[in-house]
Every structure is written in structure tokens, then in C-alpha cells.
Amino acid sequence: MGGVARNRRERQTREALVEEVDGGLAELMPDRERPRAWTLLVDGAPQSHVDLDDPAYLDFEYQRRLGHIADLVAPPGRPVHALHLGGGALTLARYVAATRPRSTQQVVERDTALVQLVRRALPLDPAARIRVRGTDAREGLAKTPDGWADLVIADVFSGARTPAHLTSAEFLADIRRVLKPTGWYAANLADGPPLAYLRGQLATAATVFPELALVADPAVLRGKRFGNAVLLGAGQPLPVAELTRRSAADPHPARVEHGRALIDFSGGAAAVTDASAVASPAPPSSVFR
């Protein structure tokens, strides 16, 4: 009972942590339902949620979908090599470390002040084999050896937008270079009606990966609202049926598009190159209210 009482007091007395970081104003907001859980916001945009008592718990919808991908990329519990482009509060790296012990992971996060805040306020498990590099995602990717990764997760936002240089075919080709032949690429994308950015990213990924799937809320796929979609690319067939089952069973069910339906969804969009790349669209202000 003493532990329960202590946790209750901690939950009542914890206050938000607010600091200026390289990317803006970072806020770590306590989760009132979980005694050692926090939500990270940067300039008001929610970035990550971490439960230090249960790093396998994923609160955000898109992070749950990325978690399903991390679960399916290799047999359960088998250690993997994972590269995370974009760190936030290191939520997905913590998840992989908890669900696949002895995995080797690299995180590339250019906002070194944010990394310092996260390490101080939300310390990593000392046993987790997670290395964090303070550099641009594309520069960190270029330094990764050929064929190193089982999984590359791209979740990079400057404020609430993905930088243009991380949306091109050249960028994806370098990701394909660092993946093992059986490796997977997963990206968190954000778009709203008319979904031009998302369609362009699908067309771009199709120039690099022969196998694609898209996981998102049906309302987002229908262009009814702004939201996140997770793009999955690979060189070999994907476990679409199992990914569909897990995504449909989530608290906020998602739909998985694959094959002909995904080609139709892309609507003949043109692939993006370094010369034509633009940042992802800014979300409407109502998204974060």
C-alpha cells in the first residue's frame, strides 16, 4: 500500500517541465493517469508519450502502429538492428529495447538540447543498447553502413512539418541502402485533404520499394481530416493480413491499404526528388486544441 500511496502523491505533485530547445519550446506534461508517464510537446505540437514504468506501452495512435511494425519485422523477441531518424522522447527506441532485449539501436536527432532534456528527465534504461547521434537525419543516415538495419523508422518533424530533404526518392534510396535485404522502412507521415503530400510520398516510395503498405485512420484516408499515416516499405512481401488484424484491434482502429488499392489511392501522383521536394503541410491549428 505504501507504494500505491507514494505513486498517488507523485501523480498529484508532478509539474510540467518547460525548456527552450533548438526546435522551440519543449514541454514535458505529466500523465495524470500513469504515475511515471509524460507527454512531450514542442511548440504546442504533441511529439511523444513515454511511460517509464512500462516502456512497452504506446499511447499515441501512430506510435502504436509503428509498434506493430516493430513487432512483425522479425520473430518475437529476437534482437534487431534499428535506426530511428528523429528521436523525440525516444519512445520507439525504448519500446524496441523492452520488447526485443539486446537489440542494437541508433537514434539520429539533431536537436541536442531536446536530447539532453529527455535524457535528464526521462532517463533511459542503462541496459538498453541505444546510441543517440546529434546530427541531421540525412547526415546520420549517410554514416550508417550498408545493409546494417532490420528496421528504419523515420519520424522527423521540425515543429509539425517534415523537412523537405527527408521526403525525396534520393533520401529513400539511401534508406534502402542501409537496410538488410529482409529489412523494413516505416515512416510517420502527416497530411490532410486533398492528401497531395501523402499521395506523392506513396509514389516516391514506389520507386524504391517493391512492397508497400499504408496504415491510417479511415477518416484520414478518405480525406475527411488531417492526421497521421504510417507508410511501410520493404523489398520482400509484407505480413499484410497480420498487420491488418492488429491495426483493426487498436483502441482507434486503422485501415491497411496494400497492392492495387494502394496504387489506386496514389492517383498517379509524381515521385518527389531533391529538386522538387517541399516540406509536409502544416496542420490546421484546430488539430492541437
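Since the model is a prediction, treat every value here as computed from it, not as a measurement.

> Any details on the overall build of the chain? Residues and values, ideally.
Check the secondary structure of the chain and you find ten helices and twelve strands. For the chain, whose C-alpha radius of gyration is 18 Å, the value lies close to the compact-globule estimate of 19 Å for 289 residues. For the chain, buried positions account for 52% of its 289 residues. The contacts in the chain between residues at least 6 apart in sequence include a share of 68% that link residues at least 24 apart. Carbon and sulfur atoms form 53% of the exposed surface of the chain, whose accessible area is close to 12,900 Å². Here the chain holds 35 positive side-chain charges and 33 negative ones, and the gap between their average locations is 4 Å.

> Go over the packing of aromatic side chains, please, and point to the residues and values.
Scanning all chains against the criterion turns up two aromatic pairs. Taking 6.4 Å as the distance between ring centres and 50° as the angle between the ring planes, the aromatic pair formed by Phe60 and Tyr62 counts as tilted. Of the two residues, Phe60 and Tyr62, both sit in the buried class. With 5.6 Å between their ring centres and 10° between their planes, Tyr185 and Phe209 make a pair best called stacked. Of the two residues, Tyr185 is situated in strand β9 (residues 179-191) and Phe209 in the loop between α7 (196-206) and β10 (211-216); the sequence distance between them amounts to 24 residues. We classify Tyr185 as buried; its relative accessible area is 4%. Sitting above the plane of the Tyr57 ring, Arg34 keeps its charged end 3.4 Å from the centroid.

> Please set out helix α9 (residues 240-248) residue by residue, giving values where relevant.
In an α-helix, one full turn covers 3.6 residues, which means residues spaced three or four apart are oriented alike. Those residues of α9 not exposed but buried are Val240, Leu243 and Ser247. In an axial view of α9, the angular spread of the buried residues amounts to 65°, which keeps them on one side of the axis. In this structure, the buried side of α9 is in contact with α2 (61-72), β10, β11 (227-234) and β12 (255-258).

> Break down the sheet that holds β12 for me, with residues and values.
Pairing within the open sheet is mixed, and its eight strands lie in the order β7-β6-β5-β8-β9-β11-β10-β12. Where the open sheet ends on each side, the last strands, each with one partner, are β7 (130-133) and β12. When strand polarity is set aside, the average angle formed by the axes of neighbouring strands in this sheet is 15°. Pairing analysis gives five bridges linking strand β5 (residues 81-85) to strand β6 (residues 104-108), with the strands arranged parallel. Across the sheet, the residue bridging to Leu83 is Gln106, located in β6. Strands β9, β10 and β11 of the sheet are contacted by α7, whose axis makes an angle of about 170° with β9.

> Kindly report on the nonpolar core, identifying the contributing residues and their values.
Nonpolar side chains in soluble globular proteins tend to be buried together. Counting residues in hydrophobic clusters, the biggest one holds 34 residues, and the most contacted among them are Leu83, Leu85, Val152, Phe171, Ile175, Tyr185 and Leu214. Among all residues touching Val152, those that are not within four sequence positions of it are Leu83, Leu85, Ile175, Val178, Leu179, Trp184, Tyr185 and Ala186. Counting 27 residues, the second-largest nonpolar core is a separate cluster that includes Ala70, Val73, Ile153 and Val256.

Each value, and the rule that gives it
- Residues numbered from 1 in each chain as written.
- Predicted model: local features only at pLDDT ≥ 70, side-chain atom pairs only at ≥ 80, totals over all residues.
- Heavy atoms only, no water.
- Helix = DSSP H or I, 4+ residues; strand = E, 2+ residues; numbered from the N terminus.
- Rg over C-alpha atoms; globule rule 2.2 N^0.38 Å.
- Buried < 20%, exposed > 50% of the residue type's maximum accessible area, 1.4 Å probe, protein only.
- Contact = heavy atoms within 4.5 Å.
- Areas by Shrake-Rupley, 256 points an atom, 1.4 Å probe, with all protein chains shown as cover.
- Lys, Arg positive; Asp, Glu negative; His and termini not counted.
- Charge placed at Lys NZ, Arg CZ, Asp CG, Glu CD.
- Phe/Tyr/Trp six-rings, centres within 6.5 Å; stacked < 30°, edge-to-face > 60°.
- Lys NZ or Arg CZ within 6 Å of the ring centre and 35° of its normal.
- Arc of directions from axis to C-beta.
- Pairing = 2+ DSSP bridges.
- Axes fitted to C-alpha atoms, helices over the stretch in contact; angles between N-to-C directions.
- Core = buried A, V, L, I, M, F, W, Y, C linked by side-chain atoms within 4.5 Å.

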